[in-house]
Amino acid sequence: MESLLQNAWEMAREGVVVFAEDRVIYLNPVAAELLGVEREKVQGRPLLLALRDHKLEALCRMGGETTLETRNRTLWAKAVPGILLLWDRTEEKNRVEALEESSRLLAHEFRTPVAGMLSLLEALQGGLKGPDAQEALQMLYQETQRLRRLVEDLPLTRRPSQERTFALEELQSRLERFLAPQLAQKSAWIQWQTPHTIRANPDAVYQALLNLLDNALKYGTGSEIVVISGQEAEGVWLEVRNQGTPLEEFELLFQAGQRGVHAANVRGTGLGLALVRRLAAGWGGTAYGRALENGNAFGLTFPQCPDARVILQADQSRG
């Protein structure tokens with residue numbers, strides 16, 4: 001029976017440490033791996049030498065169970081007299097955190113189009129008629145279709161499946177119509193210099209640009225926002241430039257929950273740029289920010305595609 005029990009411990013998926021009088025009697029391979037020790041060097045030695053963690057040692061003395069961070073792992077530990085059980089929950093914790101982050105990003109991604117759709121519905125309820133009403137209905141239909149595709153394309157960690165080659169100019173009128181209330185409120189306008197063709201998921205690029213333009217309207221100080229694209233050997237870049245105080249730090253802004261130093265009086269969640277970077281990674285590109293002489297630029301890159309072209313001949317530069 002003793003031999004069968006030891007074989008069971010040897011093959012167990014959880015770590016098992018057997019101890020007496022604060023000395024290690026036995027530990028199985030999983031426990032040795034989780035604790036980062038060699039069995040032959042700690043058996044018969046003081047318990048703390050194997051555990052190398054005062055919280056685990058205290059748990060062995062007092063009994064009970066807990067979850068703790070140690071050796072870059074998340075461990076669930078349970079102690080009863082003479083026995084310590086260990087279970088690695090690192091992967092489980094990482095999955096939960098990834099799911100929570102995806103949920104936050106999804107909520108942010110849906111919030112912007114839903115807010116725009118509500119504005120269009122309010123305009124229709126307010127008596128919008130004729131061609132303007134038909135245009136509003138068409139925009140509502142387009143946004144509803146886009147939301148449907150977003151739901152079908154979950155999770156966001158999956159590479160977009162609806163890539164195609166298209167001209168960046170295709171997105172111009174749709175974005176301007178959707179942002180019309182915000183542009184009017186700020187007395188702002190968008191100058192477009194986007195003659196390039198890219199290959200990506202148009203809905204993903206639309207959402208990324210929508211977030212960048214929304215940021216420019218929120219945090220920029222000037223009336224003009226410039227959307228400009230250019231071509232390099234690696235592919236196409238696309239930037240949204242706004243006037244304002246040049247920022248010193250950009251990378252932190254692409255982390256979920258981080259907001260800039262000028263965001264204190266502006267409503268937001270700090271998720272927009274994190275979502276932009278995730279969307280850009282989906283089509284194999286990147287998202288970045290950089291300071292200008294009198295403002296800031298937030299940009300996207302797109303890998304080179306064989307049939308990429310410039311629709312209008314123009315000499316573009318990132319100057």
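Residues numbered from 1 in each chain as written. Predicted model: local features only at pLDDT ≥ 70, side-chain atom pairs only at ≥ 80, totals over all residues. Heavy atoms only, no water.

A.B. asks: How would you sum up the nonpolar core? Please name residues and give values.
C.D. replies: The tendency in soluble globular proteins is for nonpolar side chains to be buried as a group. Residues Val205, Leu213, Trp283, Leu300 and Phe302 are the most contacted members of the largest nonpolar core, which totals 47 residues. Among the elements that take part in this core, helix H10 (residues 202-219) stands out by supplying ten residues, more than any other. Apart from residues lying up to four places away in sequence, Leu300 is in contact with Ala208, Leu212, Val236, Trp237, Leu238, Val276, Ala280, Trp283, Thr286, Ala287 and Tyr288. Core analysis: the next-biggest nonpolar cluster, separate from the first, contains 23 residues, Val42, Leu47, Ala50 and Leu86 among them. (Core = buried A, V, L, I, M, F, W, Y, C linked by side-chain atoms within 4.5 Å. Buried < 20%, exposed > 50% of the residue type's maximum accessible area, 1.4 Å probe, protein only. Helix = DSSP H or I, 4+ residues; strand = E, 2+ residues; numbered from the N terminus. Contact = heavy atoms within 4.5 Å.)

A.B. asks: Could you give me a rundown of the pattern of salt bridges, with the residues and numbers involved?
C.D. replies: Two side chains with opposite charge may pair up if their charged atoms get near one another. Under the counting rule described, the total for this entry stands at 14 salt bridges. Where Arg89 meets Glu92, a salt bridge forms, and the shortest distance between an N and an O atom there is 3.8 Å. For Glu239, the salt bridge is made with Arg290, and the minimal N-O distance between the two is 2.8 Å. Taken together, the residues span a long stretch of sequence, with Glu239 in strand S10 (residues 235-243) and Arg290 in strand S11 (residues 287-292) at a distance of 51 residues. With a relative accessible area of 22%, Arg290 lands in the partly exposed category. Put simply, Asp22, Glu57 and Arg61 are held in one network by salt bridges that share partners. (Salt bridge = Lys/Arg side-chain N within 4 Å of Asp/Glu carboxyl O.)

A.B. asks: Can you explain the pairing of S11? Please cite residues and give values.
C.D. replies: Two strands pair when backbone bridges link them, and S11 and strand S12 (residues 295-303) are joined in this way by six bridges, in the antiparallel orientation. Bridge pairing in S12 places Arg290 opposite Ala297. Linking S11 to S12, which pair antiparallel, is a turn of two residues. (Pairing = 2+ DSSP bridges.)

A.B. asks: Give a description of a nonpolar patch on the surface that names residues and reports values.
C.D. replies: Together, Val114, Leu118 and Leu121 make up an exposed nonpolar region whose accessible area comes to about 240 Å². With a relative accessible area of 47%, Leu118 lands in the partly exposed category. (Patch = residues over 30% accessible without salt bridge, like charges linked within 9 Å, V, L, I, M, F, W, Y side chains within 5 Å. Areas by Shrake-Rupley, 256 points an atom, 1.4 Å probe, with all protein chains shown as cover.)

A.B. asks: Requested: an account of the environment of Arg177, with residues and values cited.
C.D. replies: Mapping Arg177 onto the fold places it in helix H8 (residues 172-178). Here Arg177 falls in the partly exposed class, since its relative accessible area comes to 26%. When the C-alpha atoms of Arg177 and Gly116 are compared, they prove to be 9.9 Å apart, with 61 residues separating the residues in sequence.

A.B. asks: Lay out the packing of aromatic side chains in plain terms, naming residues and giving numbers.
C.D. replies: Per the counting criterion, the structure on display carries three aromatic pairs. With 5.6 Å between their ring centres and 65° between their planes, Phe250 and Phe298 make a pair best called edge-to-face. Here the residue Phe250 occupies a position in the loop between S10 and helix H11 (272-282), and Phe298 occupies one in strand S12, the gap between them amounting to 48 residues. Side by side, Phe250 and Phe298 carry an identical accessibility label, which is buried. Look at Phe254 and Phe298: their rings are 6.2 Å apart centre to centre, the planes differ by 55°, and that puts the pair in the tilted class. Remark: Phe298 occurs in strand S12 and Phe254 occurs in the loop between S10 and H11; sequence separation between them is 44 residues. An identical accessibility class is assigned to Phe254 and Phe298; each is buried. Joined through ring pairs, the aromatic side chains of Phe250, Phe254 and Phe298 make up one cluster. The positively charged end of Arg174 is found above the aromatic ring belonging to Tyr206, 3.9 Å away from the centroid. (Phe/Tyr/Trp six-rings, centres within 6.5 Å; stacked < 30°, edge-to-face > 60°. Lys NZ or Arg CZ within 6 Å of the ring centre and 35° of its normal.)

A.B. asks: Report on the side chain of His196, specifying residues and quantitative values.
C.D. replies: Note on placement: His196 falls in the loop between strand S7 (189-193) and strand S8 (197-200). By relative accessible area, which is 2% here, His196 ends up buried. Here the side chain of His196 touches Ser229 through a polar contact of 2.7 Å, side chain to side chain. (Polar contact = N/O pair within 3.5 Å; in protein donor to acceptor, adjacent residues only side chain to side chain.)

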